[in-house]
Amino acid sequence: MTEHAVVIAGGGPAGMMLAAELALAKVDVAVVERRPDHVLADARAGGIHSRTIEVLDQRGVADRFLAEGQVAQAATFGTTVMDMSDFPTRHPYSLGIFQNQIERIMAAWIAELPVRIYYGCEVAGFAQDDAGVDVRLSDGEPLRARYLVGCDGGRSLIRKAAGIEFPGWDPTRSNLIAEVELTEEPPPGVRHDAAGVHGFHRMQDGKTFRVVTTEQQLGPAGEPTLRDLSEALIAVYGTDFGIHNPTWISRFTDMTRQAAAYRVGRVLLAGDAAHVHYPAGGQGLSLGVQDAVNLGWKLAQVVEGTCQESLLDTYHAERHPVAARALRYTMAQTALQRHDERIKAVVDVVSEVASMDEPRKRLAGLISGLDIRYDLGEGHPLLGRRMPDLDLITADGRLRVFELLHDARPLLLDLGQPGDFDITPWADRVQMVDASYQGEWELPVVGVVSAPTAVLIRPDGYVAWVGDGTHHGLPDALATWFGPPTAA
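As the structure is a computational prediction, the values presented were derived from the model and not from experiment. Each residue is numbered by its place in its chain's sequence as written, counting from 1. Two thresholds apply to this predicted model, a pLDDT of at least 70 for residue-level local features and 80 or more for giving and counting side-chain atom pairs, whereas whole-chain, interface and lining totals are computed over all residues. Hydrogens and water molecules were not included; the side-chain quantities draw on all heavy atoms of the structure.

To qualify as a helix, a DSSP run of H or I must reach at least 4 residues; to qualify as a strand, a run of E must reach at least 2; elements of each kind are numbered from the N terminus. Assigned secondary structure in the protein consists of 11 helices and 29 strands. Rg of the C-alpha trace for the protein: 23 Å, near the compact-globule value of 23 Å for 488 residues, within the 12% margin. By its C-alpha atoms, the protein is 75 × 60 × 40 Å across when sized along the principal axes. Within the span of the protein, comprising 488 residues, buried residues form 55% of the whole. Note on contacts: a residue pair qualifies if any of its non-hydrogen atoms lie within 4.5 Å across the two residues. For the protein, contacts bridging at least 24 residues in sequence account for 70% of all contacts bridging at least 6. Carbon together with sulfur atoms contributes 51% to the accessible area of the protein, which is approximately 20600 Å² in total. Throughout, the radius of gyration refers to the C-alpha atoms, and the reference size of a globule is 2.2 Å times the residue count to the power 0.38. Burial classes: relative accessible area under 20% of the type maximum marks a residue as buried, over 50% as exposed, and values in between as partly exposed (1.4 Å probe, protein chains only). The Shrake-Rupley method, run with a 1.4 Å probe, gives the accessible areas here. Residue values count only the displayed protein chains as cover.

What follows covers the packing of aromatic side chains. The description of an aromatic ring pair rests on the distance of the ring centres and on the angle between the ring planes. The rule is short: rings of Phe, Tyr and Trp, with Trp giving its six-membered ring, pair when the centres are within 6.5 Å, and they are stacked under 30 degrees, edge-to-face over 60, tilted in between. One pass over the full model with this rule turns up 11 aromatic pairs. Considering the side-chain rings of Tyr262 and Tyr315, the 5.6 Å spacing of their centres and the 50° angle between planes classify their relative orientation as tilted. With Tyr262 in the loop between β18 (256-258) and β19 (263-264) and Tyr315 in helix α8 (residues 313-335), this pair connects stretches of sequence that are 53 residues apart. Of the residues examined, Tyr315 reaches a relative accessible area of 0% and is grouped as buried. Arranged with centres 6.1 Å apart and planes meeting at 50°, the rings of Trp297 and Trp481 form a pair that is tilted. In this pair, Trp297 is assigned in helix α7 (residues 284-303) and Trp481 in helix α11 (residues 474-482), connecting sequence segments 184 residues apart. In terms of burial, Trp297 and Trp481 fall into one category: buried. Charge-over-ring placement is defined geometrically: NZ (Lys) or CZ (Arg) within 6 Å of the ring centre, and within 35 degrees of the ring normal. The ring centre of Phe166 lies 3.5 Å from the NZ or CZ of Arg159, which sits over that ring.

Take helix α9 (residues 341-354) next. Any helix carries an expected span of 1.5 Å times its number of residues minus one. For α9, with 14 residues, the first-to-last C-alpha span of 20 Å sits near the 20 Å given by 1.5 Å per residue. With a side-chain oxygen lying 3.2 Å from the backbone nitrogen of Arg342, the N-terminal cap of α9 falls on Asp340. Identification of polar contacts relies on pairs of N or O atoms within 3.5 Å, with a donor-acceptor requirement for protein atoms, meaning one able to donate a hydrogen and the other able to accept it, and with residues adjacent in sequence counted only if both atoms are side-chain atoms.

Take the sheet that holds strand β21 (residues 275-276) next. A pair of strands counts as paired when DSSP detects no fewer than two bridges linking them. Ordered in space as β12-β18-β21, the three strands form an open sheet in which the pairing is antiparallel. Where the open sheet ends on each side, the last strands, each with one partner, are β12 (168-169) and β21.

What follows concerns the environment of Asp139. Here Asp139 shows up in the loop between β10 (133-137) and β11 (142-150). Spatially, the C-alpha atoms of Asp139 and Pro114 are 23 Å apart, while their sequence positions differ by 25 residues. At a separation of 3.0 Å, a polar atom in the side chain of Asp139 contacts the main-chain amide nitrogen of Glu141.

Strand order in the open sheet formed by six strands is β23-β22-β25-β24-β28-β29, and the pairing between neighbours is mixed. Unpaired on one side and paired on the other, β23 (397-400) and β29 (463-467) mark the two borders of the sheet. When the angles between neighbouring strand axes are averaged without regard to direction, this sheet yields 35°. Sheet analysis places strand β22 (residues 391-394) next to β23, joined by four bridges and oriented antiparallel. Every axis in this analysis is a line fitted to C-alpha atoms, fitted for helices over the stretch in contact. Angles between the N-to-C directions lie between 0 and 180 degrees.

Right, let's get into the packing of helix α1 (residues 13-24) against helix α4 (residues 99-110). Relative orientation of the contacting elements α1 and α4 amounts to 20°, with a least axis distance of 10 Å. As summarised for this structure, α1 and α4 are arranged roughly parallel, according to the angle between their axes. As for the relative orientation of α1 and α4, their crossing is left-handed in sense. In this structure, α1 contributes Pro13, Met16, Met17, Ala20 and Leu24 to the contact, and α4 contributes Gln99, Glu103, Met106, Ala107, Trp109 and Ile110. Gly falls in the polar group here, along with every residue not listed as nonpolar (Ala, Val, Leu, Ile, Met, Phe, Trp, Tyr, Cys, Pro) or charged (Asp, Glu, Lys, Arg). Tallied by class, residues from the contact of α1 with α4 come to nine nonpolar, one polar and one charged. The labels follow the angle: roughly parallel below 35 degrees, roughly antiparallel above 145, roughly perpendicular from 65 to 115, and oblique for the rest. Helix crossings are classified by the rotation of the near helix relative to the far one: an anticlockwise turn of less than a right angle makes the crossing left-handed, while a clockwise turn makes it right-handed.

Written out as structure tokens, the structure reads:
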């Protein structure tokens, strides 16, 4: 029987991001992926929001995605596109990039790391005990892991087998999405009607079109056909524009559900296995990647014995509310895509409100993920929020904060007098950097905040402790997040 510290079921963006995080922490990790490789025949959904771009920047790989994507202001509510170019971040935008590109780039990245991938098979079952999880693969090979993480999508076998409830809302509408060739030129732009949203996008080859249309009635669960697409287009446009030669056709719905628990014993969930929703606003992929970054360093420290298993409870506590809030946004945005006369009145009102400065900032902060605050108690506004990517002056020259996070290690940033802090009992786990910063401290949505004298930054880029000129609370924060001190 082959053994690994962690086995991840599913090699989509969430699974690959988690594998990268664990590999950076030198944890023995394996991914089980049912496809023979990471080449997607269909482009699927696309788009990465600002905080997720920052997360990739923290690991030094954001440029790989930016080189292939299209930067755009894409945070929307109602019919309003909210400009977030004034947000205090190096990435005040969304990135338009299809999932097949995202997966190809991620696969190339984890190929550079010590990650084992079992292609062409999937997890068929598992049994957990006090010491680990026995994982049965579809090809019959048994694996043994300390922990199993389900990143296996909305129909997650791992979630179902673990007995985790998946409450939420059943679908009320469905869309068809496809890449096809046309014999007639389609109309430009997006069309809204009482059913929902419809539109065409010409692909880079010049002859293929990405088509999205809302069906007049909720479609069946089976695989859609070219005839289904033809009938849906005729119902909206009076013609199907001569669709032919489909590359792929898929159906998605507005079903919205969230796992009641992100962890049961040694089994955890991330990405679509933990939450599904209509793709309005493009939240799904970003949520999954950020799940992985929140979980990765915690799971690594538990596997290595640095921290107690109770640290894993903070994963659900922190990420479940974030996804719940995003699901509420997607349901609202979905409703606003329907433009009958009554809903159109609502759309007009909320779109006007969304264009005002304060609502714009609040909504764009939610959609982009830049306003996330994990509940780490009372204190400085930085506590529990993402650390800004400041330009620091250090003994090694000018460095960005995110450059110091490339290895996914905790960081104590001393912004006062060098030598103010002695973290020798945690020196094997936490890097300490003396630095200075002269600029203004500004947080998205919150605004300008007072400058701290020191900050303790978790590997996921969130602030775990803020210094006020004293050491008060620092040893407790270090022990809470990075384990007890090493004996002298």
